[in-house]
Amino acid sequence: MNVHDYEKLWIGLSMVLIVLFIGSITYGSVVAGVVMIDDAADPVDPDALGDHPDFGDPGVTQTGEDTYEVHVVAFHPGFNPDVIEVPANSTVTFHVTSMDVIHSFSIVGTNANSMVIPGEVSSMTVELGAPNRYGIVCNEYCGEFHHLMEGELVVVPEDEFELEADE
Amino acid sequence: MSTYVEQFPAEARLVRSAMYTAFVALGLGAAFGLLQVLHRTNVLRVIDSTDYYTILTLHGVLLVLTFTIFFLVAIFTWAITTSLDRPLPDHRFSWTWYGLMTGGTVLAAIPIVGGLIDQIDMSAAVLFTFYAPLQAHWLFYVGLALFVVGTWLAGVDWIRTYLAWRREHPDERIPLPTFMVLTTMGFWYLSSVGVALSVLVFLLPWSLGIFEHVNALLTRTMFWYFGHAVVYFWLMPTYLLWYLLLPKVAGGKLFSDPLARIVFVLFLLLSTPTGIHHQYLDPGIAEGFKYVAMTNTMFLLLPSLLTAFTVVASIEHGARQRGGTGRLRWLGALPWRDPVFTGMALAGVMFAAAGFSGIVNAGLNVNYLVHNTFWVVGHFHLTVGTAVALTFMAASYWFLPQVTGKPLWGRPLALGQVLLWFLGMTFMSNAMHRGGLAGIPRRTAEPQYNFSFEPAIGSVAELDAQVVLGGTLLFLSTVLFLTVVLGTLRGGVDPTRIPANTYAAALSEAEDGPRILDNLRLWVLIAVVLVILAYAFPIAAIVDRSGWLGPGGSPYPQVVWVVEYLVVALALR
Amino acid sequence: MSRIDPVVLLVLLVFTVPILVQLRTVAFYLGFEPTVTQSIILGLAVIVVIVGWAYWPARWLPSEPEGCE
């Protein structure tokens, strides 16, 4: 088969480009440590979230000195809790599930972004810096009031943070 | 040398019908697109935000299923009959698949439109992706299934034509256009089985109340098993036109026939085992499966990069045949007055830009930044919305005369139309990409929340203005396109003023390539193995986690649900 | 009488538009922050220059036969 010299060169460069792309993504996973949303959490019954030990009473819990967990239940059209307050300079793990259809949990202006699928739990850990306010949206169409679905993440100064008392 | 309608009058009628159906879908889809652009940006709201999603469903289904696939069957029928130089074996059979596709479209459209009319108790505002547990009226699923079966039978029609030819020509190489059709249909059968099973085994029985619930992650995975391959199903007729028609109208020959075959074989192999790249951010799927999908996707760049080379080389050959010289001056010698050429060339340029945003989407962890944002909408308006749609419109200016015997009317208008599309998409797609980077979601009626989005450059108002400007130009371009089509159809038949029905010959011909390229059985077999490798474990894992029918959950929307959440929605406001 | 075919000029101008639009990104990246109006004026200026170039009499090519248009 005769392949033109320029074309051989082009194919070679294309392969180099592809390998570089795959390499950069691999670097992001292995070296920079960007973890993908995966199958680590066990499935849950979307109709029985009320009985679930964590999703039955969603919200913020402290798990270590600077580490927190937030359980969120997505529903059409909102998040429970809809305002999440966490302290600055902390590491926060969000666990999000849905009680009805497929949603997303996306913190605007950051790369904290996940699909939320009924029956599955999306877990993502983020490092939070200085005090700030972020919008949270559902960016997967979930029904006719989809556009009303929003929440807020409030990062407050460490000394102003107070954990809500558990009932 | 004569026109297609003189060579194959019966097939020309079929091709015409399929094209007209595609054009009707294009016109309607474009009008809905304009409505959405004006609504989202809050410029003009003629519908309620709750109805926006029905309009969006129509826009998506009419453009990416009806317009593209009806045009595809037209092109493929032309390609098979022209390159094998023989008619389809049985015209009743051909009209049957055309009827199934049309009937399926209409059946699916009934409940979607029903969602807009209060008196009709049906709806299907489930968008093009119809993710369970969002539920559509069962007619929607039936329509979809009939449409897909129609495309399967169309494939059978082309394969029968090919086999009949093969019996008479046992030792000849498969003509390139036929080769392209057969490889494309290979991955279409392979991938659409996934969505067909999802619809027939799970979604349809569930919508009829036979199952109480379905596995949301499983049906979603089965959708994307098909959902990325369908993208290449739109793109392959586009590539076919870039390989066969573009070099011809540029005045030259296709650079290399064997490399064109390699490109189509690569698409056959890699189109389907990449679908999980739409699910990078899905819970319940292990990172390893996502990584495999990422590497497969990156390798899919290769056939597109090869295409870029071949197409540019073929065009340059054409320009030099026309007297073009110099390193870049040959560009001026190309037939820019011809809307067929200019439209396809501009579509190709925009597809290159789409490649860049596609790499970002394909980048496993980079995808966090853009997943389901407006960025993605910008991306696929460059791919299916320009590379495919603009190529189809430009090619129509060549095909319409071929299948009607009527010379093209309003050539300057046609040229203006393709230029206008390019301009409109420049603004709309640019602003969509930028908005996505600022976190503006896709698929939403009102991206106006209690907080504001902060684009890195400029303001949201500026991006909105670009979307409105672009969307309006695109709508005008569509109107112009339909005007040229109608103008042409109103004209008289005059085959003497129409170029003969041929396609580009190749500089490096089929015989230069190894015969193994034509061994379609082998390639299909490898494609099946790759699909099994990429999908057996993820599907098994999903079913193992929560069963074929999922861990529970109810279908939506429900009447009570709507009332309940109306209250919640008002409270949240 | 133009230096290039008017249709080629038109295509060239259309092709310039995405470059101009993206030039705004480059400007921000380099630290200039043009307003929308400034960007539009700059874009129009570039287009005027291209049209001017196309139609300016080519004095250094005195007796070349004119194009077909």
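Throughout this description, residue numbers start from 1 for each chain and increase along the sequence as written. Lettering for chains starts from A, numbering for ligands starts from 1, and both go in the order in which the items are written. pLDDT decides what is reported in this predicted model: residues at 70 or higher carry local features, side-chain atom pairs at 80 or more are listed and counted, and totals for whole chains, interfaces and linings draw on all residues regardless. The basis for every side-chain value is the complete set of non-hydrogen atoms in the structure, without hydrogens or water.

*Asks:* Can you lay out the nonpolar core for me, pointing to particular residues and giving the numbers?
*Replies:* The set of buried Ala, Val, Leu, Ile, Met, Phe, Trp, Tyr and Cys residues whose side-chain atoms join them within 4.5 Å is what this entry labels a nonpolar core. Between buried and exposed lies partly exposed: a residue is buried under 20% and exposed over 50% of the maximum accessible area for its type, with that area taken using a 1.4 Å probe on protein chains only. Counting 247 residues, the largest nonpolar core has F94 and F105 of chain A together with F130, F140, W158, Y239 and L240 of chain B as the members making the most contacts within it. Helix and strand assignments come from DSSP, with helices taken as H or I runs of at least 4 residues and strands as E runs of at least 2, each series counted from the N terminus. No other element matches helix α3 (residues 52–84) of chain B, which puts 23 residues into this core. Residue ranges labeled as domains rest on an automatic or database domain assignment. Both domains that furnish three or more residues to this core are identified here as domain 1 (1–34) and domain 2 (46–160) of chain A. By definition in these notes, contact holds between two residues if any of their heavy atoms fall within 4.5 Å. The residues contacting Y239 of chain B, other than those within four sequence positions of it, are V263, F264, F267, S304, T307 and F351 of chain B. With six residues, the next largest nonpolar core counts A41, V44, F55 and V73 of chain A among its residues.

*Asks:* Please give an account of the pairing of strand β10 (residues 150–156) of chain A that cites residues and values.
*Replies:* All names here are of chain A. In terms of burial, β10 is largely enclosed, as six of its seven residues are buried. Any two strands with at least two DSSP bridges between them are considered paired. Two elements, strand β4 (residues 83–87) and β10, share five bridges in a ladder whose sense is parallel. What sits directly across from E85, in β10, is V154. Pairing analysis gives six bridges linking strand β9 (residues 132–137) to β10, with the strands arranged antiparallel.

*Asks:* For the interface of chain B and chain A, give the residues involved together with the corresponding values.
*Replies:* Listed as interface residues are 78 residues of chain B and, on the opposing side, 68 residues of chain A. Buried area is calculated as the accessible area (1.4 Å probe) missing from two parts once they are joined, with the contributions of both summed. In this assembly, chain B packs against chain A so that about 6,400 Å² is buried in total across both faces, 67% of it on carbon and sulfur atoms. Among the residues chain B hides against chain A, the three largest losses belong to P283, Y368 and R545 of chain B. Together they make up 11% of the total. When a carboxyl oxygen of Asp or Glu lies within 4 Å of a side-chain nitrogen of Lys or Arg, that pair is called a salt bridge. The tally of links from chain B across to chain A stands at two salt bridges. Among the salt bridges present, the one from E140 of chain A reaches R443 of chain B, with a minimum N-O distance of 2.9 Å. Pairs of N or O atoms are called polar contacts if they sit within 3.5 Å, as long as, within protein, a hydrogen donor faces a hydrogen acceptor (for residues adjacent in sequence, only side-chain-to-side-chain pairs). Our enumeration of links across chain B and chain A arrives at 24 residue pairs in polar contact (both at pLDDT 80 or more). Elements represented by at least two residues in the side of chain B that touches chain A include exactly α7 (216–227), α10 (257–270), α11 (287–299), α12 (301–321), α14 (367–370), α18 (520–546) and α19 (559–572) of chain B.

*Asks:* Help me get a handle on a nonpolar patch on the surface, residues and values and all.
*Replies:* Residues and elements named next belong to chain C. Grouping into patches uses exposed residues only, defined as over 30% relative accessible area, and leaves out salt-bridged ones; the cut-off is 9 Å for like charges and 5 Å for nonpolar side chains (Val, Leu, Ile, Met, Phe, Trp, Tyr). Using the Shrake-Rupley algorithm and a 1.4 Å probe, accessible areas are obtained, with residue cover drawn only from the displayed protein chains. A cluster of nonpolar residues, L23, V26, Y29, L30, F32 and L42, forms a patch on the protein surface that exposes about 690 Å² of accessible area. A per-element tally of the nonpolar patch places helix α1 (residues 6–29) first, with three residues. The topology assignment puts L23 in helix α1.

*Asks:* How would you summarise the packing of aromatic side chains if you had to cite specific residues and measurements?
*Replies:* Residue and element names in this part refer to chain B. Stacked, tilted and edge-to-face are the three classes applied to pairs of Phe, Tyr and Trp rings, where Trp contributes its six-membered ring and a pair requires centres within 6.5 Å; stacked means planes under 30 degrees apart, edge-to-face means over 60, and tilted covers the rest. As enumerated under the stated definition, the model contains 47 aromatic pairs over all chains in all. Seen in terms of ring centroids, F71 and F392 are 4.4 Å apart; in terms of plane orientation they differ by 20°. Their pairing is stacked. Of this pair, F71 sits in helix α3 while F392 sits in helix α15 (residues 374–404), and the two are 321 residues apart along the sequence. The same class applies to F71 and to F392, which are both buried. Put simply, the rings of F128, F130, Y131, F140, Y141, W188, F223, W224, F226, F233 and W234 pair up and form one aromatic cluster. Between R220 and the ring centre of Y131, over which it is positioned, the NZ or CZ distance is 4.6 Å. The criterion is that NZ of a Lys, or CZ of an Arg, lies within 6 Å of the ring centre and within 35 degrees of the ring normal, and then a charge sits over that ring.

*Asks:* Before we move on, could you go through the interface of chain C and chain B and cite the residues and values that matter?
*Replies:* In this assembly, 17 residues from chain C lie in contact with 18 residues from chain B. The contact between chain C and chain B buries some 1,500 Å² in all, and 76% of this surface belongs to carbon and sulfur atoms. Per-residue buried area on chain C facing chain B is highest for V7, V11 and V14 of chain C; these three make up 32% of the total on that side. Along the contact surface separating chain C from chain B lie two salt bridges.

*Asks:* Describe helix α2 (residues 9–40) of chain B, with residues and values.
*Replies:* Residue and element names in this part refer to chain B. Between the first and last residue of a helix there are one fewer steps than residues, each counted as 1.5 Å, and that sum is the expected span. The end-to-end C-alpha separation of α2 is 46 Å, in line with the 46 Å expected for 32 residues at 1.5 Å each. Of all 32 residues in α2, 24 are buried; the element is thus mostly enclosed. The first or second residue beyond α2 is N42, which carries a positive phi of 65°.

*Asks:* So what's going on with the side chain of S49 of chain B? Residues and values would help.
*Replies:* Mapping S49 of chain B onto the fold places it in the loop between α2 and α3. Residue classification places S49 of chain B among the buried residues on the basis of a relative accessible area of 11%. Of the polar contacts made by the side chain of S49 of chain B, one reaches the side chain of H39 of chain B; its length is 3.0 Å. Of the polar contacts made by the side chain of S49 of chain B, one reaches the side chain of E446 of chain B; its length is 2.6 Å. Setting aside residues up to four positions removed in sequence, S49 of chain B forms contacts with E144 and H147 of chain A together with H39, A445 and E446 of chain B.

Purely geometric numbers; function is a separate question.
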